[in-house]
Amino acid sequence: MAKVESFELDHTKVLAPYVRLITVEEGPKGDKISNFDLRLVQPNQDAIPTGGLHTIEHLLASLLRDRMDGVIDCSPFGCRTGFHLITWGEHSTTEVAKALKGSLEAIANDITWADVPGTTIESCGNYKDHSLFSAKEWSKLILSQGISVDPFDRSVLA
Ligand SMILES: [Zn+2]
């Protein structure tokens, strides 16, 4: 089976919350695509419940695009400890962490239910499994711990 970088990472060595660059892939015409690990909670110690994670996913889809260029996709890990962020081009972990921090601040402080995109039976695959309350509480907790731009050494954004 193909080796996948994400499974080579020692999940006992990281210190969440953090942003980590996983890979930069170059296509045949030289276009670059980056893959980031947005780790919101500590692996094997915590996991965001699906309702909150699902609502954070819908909100990050818009909020990250408002705060940085090149966003292709942001999707939750099956372990529910964070998200993959796929982007066009190269970005520093500081740029990504700033966009993530601003997005979580918006969720914690400003977002109302009417702002959450895709919460109807037509626009979501499991529209009954959303929790803005959970999304807000987890966002506050993550922000209180600070988002590091390094996965192994705590280097938290001001
Ligand atoms: Zn959905």
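Please read these numbers as outputs of a predicted model, since none were measured by experiment.

Procedures and definitions
Residues numbered from 1 in each chain as written. Predicted model: local features only at pLDDT ≥ 70, side-chain atom pairs only at ≥ 80, totals over all residues. Heavy atoms only, no water. Helix = DSSP H or I, 4+ residues; strand = E, 2+ residues; numbered from the N terminus. Contact = heavy atoms within 4.5 Å. Buried < 20%, exposed > 50% of the residue type's maximum accessible area, 1.4 Å probe, protein only. Expected span 1.5 Å × (residues − 1). Axes fitted to C-alpha atoms, helices over the stretch in contact; angles between N-to-C directions. Parallel < 35°, antiparallel > 145°, perpendicular 65-115°, else oblique. Left-handed = near helix turned anticlockwise from the far one by under 90°. Donors = N, O, S within 2.8 Å, 3.2 Å for Na, K, Ca; no water. Polar contact = N/O pair within 3.5 Å; in protein donor to acceptor, adjacent residues only side chain to side chain.

Focus: the environment of Pro49
Its location among the elements puts Pro49 in the loop between strand E2 (32-39) and helix H2 (50-67). Sequence-distant contacts of Pro49, that is, excluding residues within four places in its chain, are made with Arg80, Ser134 and Trp138.

Points about the environment of Pro76
Mapped onto the elements of the fold, Pro76 is located in strand E3 (residues 71-76). On the basis of relative accessible area, Pro76 is assigned to the partly exposed category, the value being 33%. It is 7.5 Å that separates the C-alpha atoms of Pro76 and Leu53, two residues lying 23 residues apart in sequence. Residues in contact with Pro76, not counting those within four places in the same chain, are Leu53, Glu57, Gly82 and Phe83.

Quick look at H2
Helical geometry note: an α-helix holds 3.6 residues per turn, so side chains three or four residues apart project in the same direction. Between the first and last C-alpha of H2 there are 25 Å, a value that for 18 residues agrees with the 26 Å anticipated at 1.5 Å per step. Within H2, burial applies to Gly51, Gly52, Leu53, His54, Thr55, Ile56, His58, Leu59, Leu60, Leu63 and Leu64.

A few points about the packing of helix H3 (residues 93-109) against helix H4 (residues 132-145)
Packing of H3 against H4 leaves a shortest axis separation of 8 Å and a crossing angle of 135°. As judged from the angle between their axes, H3 and H4 are oblique. Once H3 is placed against H4, the crossing between them reads as left-handed. Packed against H3, whose contacting residues are Lys101, Leu104, Glu105, Ile107, Ala108 and Asn109, the element H4 presents Ala135, Lys136, Ser139, Lys140, Ile142 and Leu143 at the interface.

Thoughts on the coordination of the zinc ion
Those donors, His54 (NE2), His58 (NE2) and Cys124 (SG), are the protein atoms that reach the zinc ion, and they lie 2.1 to 2.3 Å from it. For the zinc ion, the single-chain donor residues occur in sequence as H-x3-H-x65-C. Residue His58 is located in helix H2, and its partner Cys124 is located in the loop between H3 and H4; the two are separated by 66 residues in the primary sequence. The buried category is assigned to Cys124, whose relative accessible area is 12%.

Quick word on the side chain of Thr81
Position of Thr81 among the secondary structure elements: in the loop between E3 and strand E4 (82-88). The exposure class assigned to Thr81 is buried, which follows from its relative accessible area of 3%. Within polar-contact distance, the side chain of Thr81 engages the side chain of Arg39 at 2.9 Å. Apart from residues lying up to four places away in sequence, Thr81 is in contact with Leu38, Arg39, Leu40, Val41, Pro43 and Asp46.

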